[in-house]
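Observations on the model geometry
Residues per chain are reported as follows:
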Amino acid sequence: KSYIEALSNQGIMNPSSSTGEYKPNQAITRAEFMRYINRAFDFTQKSTISFADVAKADWYYETVQIAVAHGYINGVGNNKMDPEGKVTREQAAVLIGRLFKADPGGVSPSDLVFQDKGKVSTWSAGYIKAANEKGFLAGYTDGTFRPQKVVTRAEVAKILYYYLGTSLSTAGKAYSGADLKSDT
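Remember, predicted model here, so these are calculated numbers, not experimental data. (Residues numbered from 1 in each chain as written. Predicted model: local features only at pLDDT ≥ 70, side-chain atom pairs only at ≥ 80, totals over all residues. Heavy atoms only, no water.)

For helix α1 (residues 2-9), the set of buried residues is I4, A6, L7 and S8. The secondary structure elements touched by the buried residues of α1 are α6 (153-164). Positive backbone phi, at 75 degrees, marks G11, one or two positions downstream of α1. (Buried < 20%, exposed > 50% of the residue type's maximum accessible area, 1.4 Å probe, protein only. Helix = DSSP H or I, 4+ residues; strand = E, 2+ residues; numbered from the N terminus. Contact = heavy atoms within 4.5 Å.)

Quick look at the structure:
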């Protein structure tokens, strides 16, 4: 709740315009995840796109243009973006890793500390390791990462909250060392 509220206060994650609910347990789509990232970083620069499954009339057309321009997401192959597809935990790690320019090279799933590292895709292992080491994306209390699990709106709120770190933009706020994360 606190993560969603913090992102809502910053205008990053809003409740449904039709129901007024945040639906924290709802699975997130690729288009929604792109929208939240674009809002979080005030990304506005657009790129020309021509994905077969993204029409100019779609609500996410501009969102995809912005995401592609900033280079943190690619299509899924065959000239498709799959904007309504769901985002898995390993895909979320890759998207966040691309934002902070993680170097995924030289890491294989066997290098990870998670009990289910054998289920991690080779293309995501380096990003998962980097996101975990930076504290943006953690494993579960049972020692697993669950790379194929679809992320929810609540999980994305927590990931983005941790990635964004301490906000220094609150008017009238005096900050002390206790307010800051050790890597800030």
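To continue, consider the packing of aromatic side chains. Inspection of every chain in the model, using the stated rule, returns 11 aromatic pairs. Considering the side-chain rings of F114 and F145, the 5.0 Å spacing of their centres and the 45 degrees angle between planes classify their relative orientation as tilted. Residue F114 is located in the loop between α4 (89-99) and α5 (122-134), and its partner F145 is located in the loop between α5 and α6; the two are separated by 31 residues in the primary sequence. F145 shares its class with F114; the two are buried. One aromatic cluster is present, built from ring pairs that chain together F41, F43, Y72, F100, F136 and Y163. Across the ring face of F145, the terminal group of R89 is positioned such that the distance to the ring centre comes to 4.4 Å. The positively charged end of R146 is found above the aromatic ring belonging to Y140, 3.9 Å away from the centroid. (Phe/Tyr/Trp six-rings, centres within 6.5 Å; stacked < 30°, edge-to-face > 60°. Lys NZ or Arg CZ within 6 Å of the ring centre and 35° of its normal.)

Before going further, it helps to examine the environment of M34. With respect to the helices and strands, the residue M34 is situated in helix α2 (residues 30-40). Taking relative accessible area as the criterion, M34 reaches 1% and is therefore assigned buried. Residues M34 and I73, 39 residues apart in the sequence, show an inter-C-alpha distance of 8.2 Å. Discounting chain neighbours no more than four positions away, the residues touching M34 are T63, V64, A67, Y72, I73 and M81.

Turning next to the nonpolar core. With 50 residues, the main nonpolar core has F33, I37, V54, V64, Y72, I96 and V156 as its most contacted residues. Once you skip the residues sitting within four places of it in the chain, I37 turns out to touch F43, Y72, L95, L99 and L160. (Core = buried A, V, L, I, M, F, W, Y, C linked by side-chain atoms within 4.5 Å.)

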